[in-house]
Amino acid sequence: MTQRTPDPSPESFVHLHVHSEFSLLDGLSRIGEMTKRVAEQGMPALALTDHGSMYGVIPFYAAAKQAGIKPIIGIEAYVAPRGMTDKEGKQDADYHHMILLAKDDVGYRNLLALTTASHLEGYYYKPRIDKELLARHSKGLIGTSACLGGEVLKRLGQGDEAAAARAANEYRDILGDGNFFIEVQEHGIDDQRRLHPQLVELARRNNLPLVATNDTHYTSPDQYEAHDLLVCIQTASNVDTPGRMRFENNEFYLKSAAQMRRLFNGELPDAMDNTLLIAEQCEVNLDYAGLRLPHFEVPDGETEASGLRPEGHRGRRERYRPGTEEN
């Protein structure tokens, strides 16, 4: 049955940039505690946007439904700077971040296709997609410009406002009018604050809607130190390793709607309201009933078992060569 977003108060908010424990060695939040916290705080929905993967989608969907909030399914994708099959040195390792959210069941299937291809074809340090692949699987998706690692903010940080605008408009062209948002964040980071006025101006000048997010990696502020240890494991560092990667401050948790409204309501109330608009547009329905096995075409008179058995033997023969260790 279709579940609509519960009618929120005008002061509500929806988190759309959220990492769970399935953002391996990067996210600390457990699915159950995230969905419970959001429900207790009266927020109507929650997105899951793990890094390059959808491992947590099924438990997240079930936990959100049980908590009485709408699950929004997404990923934080890695976009290759050239093509996803280009894998040469640092030029292809400098990927761009991008948030993608499924509006409907078609969008969900497109997320599955993008994620699969990113691992099987685009993997280079990270599971990457590219703009060409995104264009082929853009239907039913909403995208945002993500964090400082997104292409738009990277270009602004490099002082190239024209390139930033080109990137933003290209993503809008790929996803369609109204489906690409410029993401604004406030984590007390100097680069974010420095580039924020340019980012907002770019959005206004190009008629691109804004959306406010908090890049959430743990559920509550008391988990900051535990998350810091997780980052140390990820980067093979000690807590006291000079110059190691770390989150600059304790702002990357699942903030309340009131906390988020205090950050943005005065200047950008539309960026807050657009979180509710996006949540209203997203409606994915997962059906767990029955087995979902692939269908194989087989010759007339054959069953799938009898038709596929010779193919299995052929594959085994092709993989096995006498005198080798393969078997």
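Before any of the text, the structure's been laid out above.
The structure displayed is predicted, hence computed values, not measured ones.

Another point: the overall build of the chain. A tally of regular secondary structure across the chain gives eleven helices and seven strands. On C-alpha atoms alone, the chain measures out to a radius of gyration of 22 Å, which is about the 20 Å that the 2.2 N^0.38 rule sets for 327 residues. Considering only C-alpha atoms, the chain reaches an extent of 70 × 50 × 40 Å along its principal axes. When contacts within the chain are restricted to residue pairs at least 6 apart in sequence, long-range pairs at least 24 apart make up 76% of them. Accessible surface computed for the chain: about 16200 Å², of which carbon and sulfur atoms make up 51%. Treating the 36 positive side-chain charges of the chain as one cloud and the 49 negative ones as another, the clouds have centres 2 Å apart.

Considering all chains together, one arrives at 19 salt bridges under this definition. We note a salt bridge from glutamate 311 to arginine 314, for which the minimum N-O separation is 2.7 Å. Of this pair, glutamate 311 and arginine 314 both sit in helix α11 (residues 304-319), three residues apart, which is roughly one turn of that helix. Residue classification places glutamate 311 among the partly exposed residues on the basis of a relative accessible area of 40%. When its relative accessible area of 38% is taken as the criterion, arginine 314 is described as partly exposed.

Let us look at the nonpolar core. Counting residues in hydrophobic clusters, the biggest one holds 61 residues, and the most contacted among them are Ile73, Leu100, Leu134, Ile182, Val184 and Leu202. Broken down by element, this core gets its largest block of residues, seven residues, from helix α6 (residues 161-175). Once you skip the residues sitting within four places of it in the chain, isoleucine 73 turns out to touch Leu48, Met54, Val57, Tyr61, Leu100, Leu101, Ala102, Tyr108, Leu111, Val284 and Leu286. By size, the runner-up hydrophobic cluster in this structure holds 16 residues, among which are Ala47, Val211, Ile278 and Ala279.

A word on the side chain of glutamate 151. For glutamate 151, the position within the fold is in helix α5 (residues 151-157). Judged by its relative accessible area of 8%, glutamate 151 is buried.

Take the packing of aromatic side chains next. Within the structure shown, the criterion is met by five aromatic pairs. Seen in terms of ring centroids, tyrosine 124 and tyrosine 125 are 4.7 Å apart; in terms of plane orientation they differ by 85°. Their pairing is edge-to-face. Given the relative accessible area of 56%, tyrosine 125 is considered exposed. Plain terms: the ring middles of phenylalanine 247 and phenylalanine 252 are 4.8 Å apart, the flat faces sit at 80° to each other, and that makes the pair edge-to-face. Phenylalanine 247 gets classed as buried once you look at its relative accessible area, which sits at 12%. Across the ring face of tyrosine 171, the terminal group of lysine 131 is positioned such that the distance to the ring centre comes to 5.1 Å. If you follow lysine 255 out to its NZ or CZ, it ends over the ring of tyrosine 253, 5.7 Å from the centre.

Reading the values: the criteria
- Residues numbered from 1 in each chain as written.
- Predicted model: local features only at pLDDT ≥ 70, side-chain atom pairs only at ≥ 80, totals over all residues.
- Heavy atoms only, no water.
- Helix = DSSP H or I, 4+ residues; strand = E, 2+ residues; numbered from the N terminus.
- Rg over C-alpha atoms; globule rule 2.2 N^0.38 Å.
- Contact = heavy atoms within 4.5 Å.
- Areas by Shrake-Rupley, 256 points an atom, 1.4 Å probe, with all protein chains shown as cover.
- Lys, Arg positive; Asp, Glu negative; His and termini not counted.
- Charge placed at Lys NZ, Arg CZ, Asp CG, Glu CD.
- Salt bridge = Lys/Arg side-chain N within 4 Å of Asp/Glu carboxyl O.
- Buried < 20%, exposed > 50% of the residue type's maximum accessible area, 1.4 Å probe, protein only.
- Core = buried A, V, L, I, M, F, W, Y, C linked by side-chain atoms within 4.5 Å.
- Phe/Tyr/Trp six-rings, centres within 6.5 Å; stacked < 30°, edge-to-face > 60°.
- Lys NZ or Arg CZ within 6 Å of the ring centre and 35° of its normal.

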